[in-house]
Amino acid sequence: MKKELTSILAGSLLSISAQAAIITVSDGDLDSNTTWTSSNEYVLTEVVYVRNSTLTIQPGTIIRGELPSGNAVYDPGTLVVTTSGRINAVGTATNPIIFTTAAIDNDTDGVVDGYDYFVDNNGTPSNTDDDANTVNGTQYTAGATFLDADPANSPLAPAIYNGDGSIATFTDASGDTVRNEYRQLWGGVIILGEAPVNTDVTAAGGLNRQYIEGLPQSSDAAFGGFNPNDNSGSLAYVSIRHGGAVIGSANEINGLTMGGVGFGTRIDHIDVYCNA
């Protein structure tokens, strides 16, 4: 009996340890050297900047970004490696690092909870081009069910399809009919360096300095300079899924955005999937 009970307890502990802890990350959390481990999942609750430090991400780690919290608020979960920061995110072919959405689907109906498709710049609902309009949805709370519940073993499809191959539709929180596509559900990854750029500008306070599209203009969003060998770190065997945040009709964050990244930076084996 004692041996049997020990086996049951051991099995229970293994089950518990297999459940990754969820750690939320906000701006200001990455101002010192930090390591994200594959035993946890990380939720970016807003635009998060790596400043004056190195972010190391272990192979197999899952990072999720939230949708904006409201149509009047631009705070999509996004990771920004500033010119003063570095990233060391190197997965493997069989154990990649995965960035995906933190969108919630508590009723498991395949629709993002609280999904709201914004209107265009004139205040008119626009259901034909979600690339050009902000969307938002329910924010993460402890115990919530992720839409992309198991990205490592069961990747989320690009959309829900009808039998004829068309994309299914649903009614969003504002009553607009929208296509059930799984993109534009968080921000993305942005890497900024101090290598020369091909526009001679001083917009960001210095020659060859400018601001990256998709972020508020500040020193955290500046890139460019005179160091062609600038090193922003390493990004390899990384999958970036279901992202793409938009401001208005043209100012967007892509799956992977790079500005002024130098020769010292390693970028290879990158998958950008189902991105707006």
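Residues numbered from 1 in each chain as written. Predicted model: local features only at pLDDT ≥ 70, side-chain atom pairs only at ≥ 80, totals over all residues. Heavy atoms only, no water.

A. Structural detail: the confidence of the model for the chain. Per-residue pLDDT for the chain has a mean of 87; in total, 86% of the residues score no lower than 70. Low confidence marks residues 1-17, where pLDDT is under 50. Its contacts with residues over four positions away, or in another chain, come to 0 contacts. A low-confidence stretch, residues 127-132 stays under pLDDT 50, and its non-local contacts, those more than four residues away or across chains, total 17 contacts. (pLDDT = per-residue confidence, 0-100. Contact = heavy atoms within 4.5 Å.)

B. Structural view of unusual backbone geometry. The backbone phi angle of Asn52 is positive, close to 50 degrees, even though this residue is not glycine. Relative accessible area serves as the criterion here: at 61%, Asn52 is assigned to the exposed category. With phi around 65 degrees, His242 is a residue other than glycine that occupies positive phi space. Secondary-structure assignment places His242 in the loop between β17 (233-241) and β18 (245-247). Judged by its relative accessible area of 0%, His242 falls in the buried class. (Buried < 20%, exposed > 50% of the residue type's maximum accessible area, 1.4 Å probe, protein only. Helix = DSSP H or I, 4+ residues; strand = E, 2+ residues; numbered from the N terminus.)

C. Examining the packing of aromatic side chains more closely. What the rule picks out here adds up to 4 aromatic pairs. On the basis of an interplanar angle of 15 degrees and a centroid distance of 4.8 Å, the ring pair of Trp36 and Tyr42 is categorised as stacked. Ring centres of Phe99 and Trp186 lie 6.2 Å apart, and the angle between their planes is 5 degrees; on these two criteria the pair is classed as stacked. Of the two residues, Phe99 is situated in strand β9 (residues 97-101) and Trp186 in the loop between β13 (177-179) and β14 (189-192); the sequence distance between them amounts to 87 residues. Both residues of the pair, Phe99 and Trp186, count as buried. Over the ring of Phe146 we find Arg64; its NZ or CZ atom is 3.9 Å from the centre of that ring. (Phe/Tyr/Trp six-rings, centres within 6.5 Å; stacked < 30°, edge-to-face > 60°. Lys NZ or Arg CZ within 6 Å of the ring centre and 35° of its normal.)

D. Expanded view of the sheet that holds strand β7 (residues 78-81). Spatial ordering of the open sheet is given by β4-β7-β14-β20, a layout of 4 strands whose pairing is parallel. With one partner strand each, in any of the chains shown, β4 (47-50) and β20 (256-259) form the two edges of the open sheet. When the angles between neighbouring strand axes are averaged without regard to direction, this sheet yields 15 degrees. With 3 bridges connecting them, β7 and β14 associate as parallel partners. Across the sheet, the residue bridging to Leu79 is Val189, located in β14. (Pairing = 2+ DSSP bridges. Axes fitted to C-alpha atoms, helices over the stretch in contact; angles between N-to-C directions.)

E. Looking closely at the side chain of Ser239. With respect to the helices and strands, Ser239 occurs in strand β17. Only 2.7 Å separates the side chain of Ser239 from the side chain of Arg241, close enough to count as a polar contact. Separated by 2.6 Å, the side chains of Ser239 and Asp271 make a polar contact. Those residues in contact with Ser239, other than ones at most four positions away along the chain, are Ile97, Ile98, Phe99 and Asp271. (Polar contact = N/O pair within 3.5 Å; in protein donor to acceptor, adjacent residues only side chain to side chain.)

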